[in-house]
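Examination of the molecular architecture
Each chain, letter by letter, is given below.
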Amino acid sequence: MPPRWAAGLFGGWMVALVAAFALVPDGQVVVRLGAGLSAVAAIWWGVRRNQANDRAAWGLLAGATGIAALPQPYAVAAYPVLAGVLLIFIRRRGGGAPDRAALLDALIVTAGAALPVWTFLLEPRPSVRDATLLGGLLCVGVLTRLLTSSGHRPVAGGLLGAGIVAMIAAGVGDLAGPGAFALFAGAGLAALHPSMTQLSVRSADPPSEGGHWRVAVLGLVIPGVLLAAGPSVLGLLSAFILLLVLLRMAGAMANHRQALARERGLRQASAALVSAADVDAVGDAVRTAVGQLLPADTPHGVVLAMAVPDDLPLAKAADRWAGIVPTRDLDWAVAVRLTHFSTTLRHPMVLTDRPAGEPLVGVLHVAAPEPALRGLQRAIEVLAGQAALALERIQLSDEVIRRNSETYFRTLVQNTADVILIVGDGLLIRYASPSALRIFGFDPAGSVLPDLIHPDDRGLLEAPHDDVDLRGPGDVLLEMHVSDLRDEPTVAGLVITLRDVTRQRRLEQELTHQAFHDAMTGLANRVLFHDRLEHALARGARDGSVVGVLFIDLDDFKIVNDTLGHAAGDTLLIAVADRIAGALRADDTAARLGGDEFAALIENVNDPGAVEETANRILAALAPPVVIDGQTSLHAVASIGITTTPEADTADELLRQADLALYVAKGAGKNQWRRYQAHLHGAMVERLELRSALDHAVNEGHFLLAYQPIVELGSQQPVGFEALVRWFHPTKGVVSPAEFIEVAEESGLIVPIGRWVLQQALHTVAQWRRVLPLDRQPYVSVNVSVRQFREAGFVDEIVQALAYAGVPPAALMIELTETLLAGEHETVWRDLAALREHGVRVAIDDFGTGYSSLGYLRRRPIDVVKIDKSFIDDMVESPQQLALVTGIVSLAQSLGLTVIAEGIESPVHRDLLARLGCPYGQGYLWSSPVDGTEALAQMANGEQSMAA
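Residues numbered from 1 in each chain as written. Predicted model: local features only at pLDDT ≥ 70, side-chain atom pairs only at ≥ 80, totals over all residues. Heavy atoms only, no water.

Attention now moves to the packing of helix α33 (residues 879-894) against helix α34 (residues 907-916). Two numbers describe how α33 lies on α34: the axes approach to 10 Å, and their chain directions differ by 45 degrees. The angle between the axes of α33 and α34 places the two elements in the oblique class. Seen from above, α33 lies across α34 with right-handed handedness. Listed contacts from α34 to Leu 882, Val 885, Thr 886 and Val 889 of α33 are Leu 912, Leu 913 and Leu 916. Here the residues of the contact of α33 with α34 sort into six nonpolar, one polar and no charged. (Axes fitted to C-alpha atoms, helices over the stretch in contact; angles between N-to-C directions. Helix = DSSP H or I, 4+ residues; strand = E, 2+ residues; numbered from the N terminus. Parallel < 35°, antiparallel > 145°, perpendicular 65-115°, else oblique. Left-handed = near helix turned anticlockwise from the far one by under 90°. Contact = heavy atoms within 4.5 Å. Nonpolar A, V, L, I, M, F, W, Y, C, P; charged D, E, K, R; others polar.)

For the rest of this paragraph, the subject is the UniProt feature "transmembrane region" (unreviewed entry) in the protein. Residues annotated in UniProt with the feature "transmembrane region" (unreviewed entry) correspond here to residues 6-24, 29-47, 67-90, 102-119, 131-148, 155-173 and 236-254. Helix and strand shares over residues 6-24 are 95% and 0% respectively, and the end C-alpha atoms of the span are 27 Å apart. Here residues 29-47 runs as 100% helix and 0% strand, with 27 Å between its end C-alpha atoms. (UniProt positions renumbered as here; feature names shortened; annotations may be inferred.)

Further remarks concern the pattern of salt bridges. This model, assessed by the stated rule, comprises 25 salt bridges. Here Glu 381 and Arg 378 are joined by a salt bridge, their closest N and O atoms 2.8 Å apart. Pair noted here: Glu 381 and Arg 378 are both in helix α16 (residues 377-415), with a separation of three residues, about one helical turn. As a salt-bridge pair, Lys 869 and Glu 905 come within 3.6 Å of each other at their nearest N and O atoms. With a gap of 36 residues between them, Lys 869 in helix α32 (residues 869-874) and Glu 905 in the loop between β24 (898-902) and α34 connect regions that are remote in the sequence. Since its relative accessible area comes to 45%, Glu 905 is described here as partly exposed. (Salt bridge = Lys/Arg side-chain N within 4 Å of Asp/Glu carboxyl O. Buried < 20%, exposed > 50% of the residue type's maximum accessible area, 1.4 Å probe, protein only.)

Moving on to the packing of aromatic side chains. Tallied over the full model, the rule gives seven aromatic pairs. Centre to centre, the rings of Tyr 707 and Trp 768 are 5.1 Å apart; their planes meet at 70 degrees, and the pair counts as edge-to-face. Remark: Trp 768 occurs in helix α26 (residues 750-771) and Tyr 707 occurs in strand β17 (residues 703-712); sequence separation between them is 61 residues. A single burial state applies to Tyr 707 and to Trp 768, both of which are buried. What links up through ring pairs into an aromatic cluster is the set Phe 703, Trp 727, Phe 740 and Trp 756. When the ring centre of Tyr 779 is taken as reference, the NZ or CZ atom of Arg 841 above it lies at 4.2 Å. (Phe/Tyr/Trp six-rings, centres within 6.5 Å; stacked < 30°, edge-to-face > 60°. Lys NZ or Arg CZ within 6 Å of the ring centre and 35° of its normal.)

The structure is reproduced here in C-alpha cells:
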C-alpha cells in the first residue's frame, strides 16, 4: 500500500474516533483506548513498512502512546516517556555521543517556562492538571532542542512535534481527553511517513550552539517573574545585572568560537605547509589560512616577501617593527600590490636557530580593515613561524638535492666510458676524465688535442662540431660531440665528448652489407640489384650504352630439396651463385632474388648480343655437375630470360620483361635462354589470365569428369574406366586437360584438382559397383601428378579416400607419366610401393614417349604399362613400329605386367593387337569419354554396347 494511502486511512480513522468520542460520552474510555491501540498499530506497521533501523525509540514511542490512552491520572506518565523518546532522537541526530548541551537546553527551557507557570498558575491551586502541565513543559523543552538542531528537519519530526504540542495545549485548556487524540494522530502519521528513518540518522551538519537571543530570553525569565509579581528596585537591579552578565558571557562565547576557528585554520595551514613542495605552494597555503582566520567576507590581501629590503631592521629586533603599519610606509614592491588597503599587518618570518644565513627568512604582509587586523596579530605570528619553517625546509631540501646531483654527476663522469675533455685556447686539454687513460694509454691533460688524433683527421678539429668520426690511436674510431661552454664561468672552455664507436661502425657496416646482400650466397639481394639497375639505366641514358637484365631460374630445384634435403639444396645454391658470379665481368652484378631465382645485371656494353653471350657463358658454367658431400653429383639446369634497354627504359619494365622471357624459356624446355620479344607479351598475358581463371575454377568447383572405357580385346567387355578431368570455363565452354594441366602443374593447383578427381572418381565407381552384378565390377584409373606425391601424407589421403567411398583398393589404378621412370624420385617410388601393398595398382601412362630404358620396368613397382597412341597409329604401315609394339608386349608379359594399348580407333588395330597378345585396349573405337551415367549403361550392356 502506498504511504499516502496508509496515512489517509489512518487520519480518517482518527477523525472517526474523535467524532465517536464527542458523540458517545459513555464510551469515551473505550474510544480513547481504541485510538491509542490504533496509534500503536500504525507505529508498528510504519516501522516494518519503512524498515527503520532504530526500533527501540519507536517501540518506546508506541509505549508512551499506549500509556496516554489510559485514563487519568495514569496518562500523566506518558510525558516523561515522550521526553525520553525525543532525547533518543536528539542523540541519534548528533551521532550517538552523549549531548550534554541538548539536555541543558531542554532543562533551561523547562525551568524557565516552569517558573512563571508555577508562580501564576500552579502554586495557588495544585492538582493533577498541574502535573500534566509540568510534564508538557518538559516535552516542550526537549522538542524545542530537537526542532532547532542543525541539519535537515524530517517531516516525521514535525508531525510528531505537532501532535505533542497539540496534546499539551489541550491539557492546559482542560481538554486532556481530546488532546490525547492529537498525540495518537501525530505519532501514527510520523511513523507512517517515509522520513521517519531520518530521525535516527546522524545529521551532516555539526551540532548548533544556542544563539545570544536564546540565552538572553531564557536568562530574563526570573527577573521578568519578579517584575510581574510587583515592580520593585530589587527586580529592576537583578534584571539589569543579569542582563550584563549574560552579555559578557555571550561575548566570551563569541571569542571562544573565534579562537576555535583560528586554531582550526592554523592546523589546516600547518598541514598544507608541511606538504608544500615549493615557494608558490607555501604562498597559496598562507593565503588560504589568512582567509580562514579573518571573519567571513572580509576583504584582504596577502604578500609573502622573500627579498627583504636593506633598510629593514635586523632580524634580532624584528619584534620592534612587527605590527600594524600604514601601507604607504611599506616597500614599494609590496605597497603597490596592497594599494587598496590603508593599513597592513607586517610580521617577519624569523628562525633564530637557522643552520646557515641570516635568521630573517622573509616578511609576511596581511592587508585588511584595521579593526579586523587588531585581533589577528598572535595568529599571524604563529602563521609566519610556520611559513618560515616550511620555506627553510624547502631550501634545505633543494640544497640536499643539489648536492646529491653534484655527487651523482661526478660519479657519472668518473665512471663513464666516454672520454670527456675540457679544451681551452689552442685546443689545450685542461681536464680529461679517467676513461681517457683506456683510450689513449695515458692521461692527456696538458696535451694538445690534435696530437692525439690521426694526422689525416686533424683538419676536422679546426672548427670542432658534432657527429664527426675521428681516428685515434690504434685506428680506434672516436665519435666527437662538442658543447661550447666558453661563456660559462665554471667551465670556460669547449667540452668535447669522445665515444669509442669502433665496434658500432663495424656492426653498421655488417648490417648494411646484410641489408643489401643475400646471407647464404653473398650476392646482391633484390633491393641492391634494383638500386644498381636504376644507376645503370641513368648511366646508359647519358653515354648511350646498353643495359641488360637476365632472370635465371633453376629447373626442378624443389626435387633436390624434397629428395636430398634442404642442406643439399643450399649447397647447390651456393655453387650456382659462385658459377654465375664467375661468368660475369667485373662491371656486372649477380644477385639472388629468392629461393632458386637469380639475376644478372649487364652494363657498359654497346651491343645487345653481348648480353646473349653472357647467358651462354652462364649456361656453360652451370653445365659441369655439382658434387654434394663428395658423393652425390647434381646437374644445375637453369632457364634464363633476357631483356635489354632497347626494349624498355625503366627498371620495373625491364624486370617485368625479363620475368616474361623466363616463362617463355621454361615453357620451351630446360637449359636454354629466351630473349624478350614484344609479340610474346600477349601470349604470356593470356597464360597468366588462364592461371588466374584456373585458380578461380578450383575455388568454385568448375570441373567435371568424363570416363573412357578400358576394354578386354578378347571379350569386348569393358573392365574399367579412365577418369579424365574437364574444365567447364564460363566463356570458353569445356576445356581439355592439354590446355590447362601444364599451368596447373606450374602453379601447384594440380594438387587440389587431383584431390577432387580422386574423390569424385572413387565416389562414382562405388555407385557403379553397388548397381552392377558381381561379375561386372569395374575399376577406375586416375591420373596422378608427381607433385601430388610430394605433398606430405598423400598415401594416407588415398587410403582414407578409399575407406570413405567404401571401395576396395583393387578398384583403383594410379596412372603416372613415363618420365617418372628415369628421374630421381625415390620418395615417390617408396610411396607407390606402399600403395601396392594396400592393393592399389600402378600404371605407366604414355609408355614409349619418354625414351626410357625398358630395364626400368623390372626395377620399379609397376603393374600396368599403357602403350602410347603414337605407336598404335603407325604399327600397320611401319614394320619398325610393329616390331617395337611387339617387343613392348612381349617384355611386359615376361615381367608379369599388364598391357593396355591406347588410342585404338579401327578394328584393324584391335585385331592386330589381339594377335600380338595385348589383352586390353582403349580408344574411340569403342567410345569417346562419357559421363558417369552413360559409362554405367555401357557396363550394363556389356559387349552389345561396345560393338555398337
